[in-house]
Amino acid sequence: MRLAARITRVRALMAELGVDALLLSVGPELPYLTGYEAMPLERLTMLVLPRTGDAQLVIPRLEVPRVAPRPELFEVVPWEETDDPIALVAGMIRRSARRVAIGDHTWARFLLELQHAVPSCTFVRGSDVVAPIRMVKDADEIAALTRAAHAVDAIAREMRSVPFAGRTELDVHRELVDRMLEAGHERANFAIVAAGANAASPHHEPTAARVIGNGDIVLCDFGGTMDGYCSDITRMFHVGEPSTEVGDVYSVLAEAQEAGVRAATVGTPCEDVDAASRHVIAGAGFGEYFVHRVGHGIGAEAHEDPYMVAGNSSPLEVGHAFSVEPGIYFPGRFGMRLEDIVVATADGPLRLNDAPRDIAIVA
Ligand code: ZN
Ligand code: ZN
């Protein structure tokens, strides 16, 4: 029912945008519409979803046992090892399709071969017809995002009483990964641990060389996938009391994050959420040290539409889920970020994370 309703909505958007067929391979759109996730193989798996008529799932014979049959949604079309799956797909779209949307994560190789096989087709991005629908999370999806958020909240809380000094960034990284898996995530997607000056690099790769010491600020940004939906949280830790400077900059950051969350009401352009946080940071004189957009959508992917960034004037809708994560980074000195996942609801912005937002003083 749920999948069929999604397919109906995608087809309505295809009609609106003049897209004749949608081709989905690896990536999150295929499971969103069919319940089946393609393995990232060199062998082609591809759903061919025409605007009208039956959908077909072209799939290597050996992958067929992994497909839960849903004849009401799609026909399974296996191909043998010596078949040409591109010719198979080309044959399905050659006569009926001019404008074809193809999943953004499809290997370039397959797109190039399809362009060659059906030169009459114009290819556009699959996200054009799927993202606007996938962005709006239903109650079950928000419940899954909330469970994932609460799992990492509990970890962020527990880490406040864990000693940091004398350990390497990599060691703390491993602890975060282990804790995410123990807390029910099927996958840890990332766990940034950045100490001192390393925290000025927003996506710092934790190393075994950097030993955390007294007086270090430590940025921890971690998330994974739980029941198919992602978590993502950033909290700051400090070994011993932070300096007045660190405390003052953090106050600006926390205020900026609060302003971004409060701005995230239904109907507000995404770029205004970014502007709300940026305004606070720029007002304190740190504008040049906030070097990234304020947030990204989150769902089956850790980063997906909608993006909270200057230039994205699309209004927030009920059910949009996204991060609000301003940062302030002083190269060579220290950096900080504060991140929560927020859902736009009819009653206003709802933070899914509830772990304490102050700097945790650790040993
Ligand atoms: Zn994050
Ligand atoms: Zn994030």
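Every value quoted in this text rests on a predicted model; they were computed, and no experiment measured them.

Calculation notes
- Residues numbered from 1 in each chain as written.
- Chains lettered and ligands numbered in written order.
- Predicted model: local features only at pLDDT ≥ 70, side-chain atom pairs only at ≥ 80, totals over all residues.
- Heavy atoms only, no water.
- Donors = N, O, S within 2.8 Å, 3.2 Å for Na, K, Ca; no water.
- Tetrahedral: all angles 85-135°; square planar, octahedral: opposite > 155°, others 65-115°.
- Helix = DSSP H or I, 4+ residues; strand = E, 2+ residues; numbered from the N terminus.
- Buried < 20%, exposed > 50% of the residue type's maximum accessible area, 1.4 Å probe, protein only.
- Domains from an automatic or database assignment.
- Contact = heavy atoms within 4.5 Å.
- Buried area = accessible area lost by both parts, 1.4 Å probe.
- Salt bridge = Lys/Arg side-chain N within 4 Å of Asp/Glu carboxyl O.
- Polar contact = N/O pair within 3.5 Å; in protein donor to acceptor, adjacent residues only side chain to side chain.

Our next topic: the coordination of the zinc ion (ligand 1). Distances from the zinc ion (ligand 1) to its protein donors, D221 (OD), D221 (OD), D232 (OD) and E339 (OE), fall at 2.0 to 2.6 Å. Each of the 4 donor atoms bound to the zinc ion (ligand 1) contributes to angles spanning 55 to 149°, and the resulting shape is irregular. Here the donor residues for the zinc ion (ligand 1) map to a single chain with the spacing D-x10-D-x106-E. Between the zinc ion (ligand 1) and the zinc ion (ligand 2), a spacing of 3.1 Å is present, and a bridge between the two is formed by D232. Of the two residues, D221 is situated in strand β8 (residues 217-226) and D232 in the loop between β9 (229-230) and β10 (233-239); the sequence distance between them amounts to 11 residues. Judged by relative accessible area, which is 2%, D232 ranks as buried.

As assigned here, the chain comprises domain 1 (2-134) and domain 2 (139-362). Domain 1 and domain 2 are separated by 35 Å when their C-alpha centres are compared. Taken together, the contacts link 7 residues of domain 1 with 6 residues of domain 2. Buried area between domain 1 and domain 2, summed over both chains or domains, comes out near 530 Å², and the portion from carbon and sulfur atoms is 35%. Counting across the interface, domain 1 meets domain 2 through 3 salt bridges. Residue E304 pairs with R134 through a salt bridge whose shortest N-O separation is 3.1 Å.

Another aspect to go through is the coordination of the zinc ion (ligand 2). The protein atoms donating to the zinc ion (ligand 2) are D232 (OD), H296 (NE2), E325 (OE) and E339 (OE), with metal-donor distances spanning 2.0 to 2.2 Å. For the zinc ion (ligand 2), the 4 donor atoms are set out with angles of 82 to 162° between them, so the coordination reads as irregular.

Turning our eyes to something else, we now look at the side chain of N312. Note that N312 resides in the loop between β12 (304-308) and β13 (321-324). Taking the relative accessible area as the measure of exposure, N312 reaches 17% and is therefore buried. Polar contacts involving the side chain of N312 include one to the side chain of S314, which spans 3.0 Å. Sequence-distant contacts of N312, that is, excluding residues within four places in its chain, are made with P269, C270, E271, P306 and Y307.

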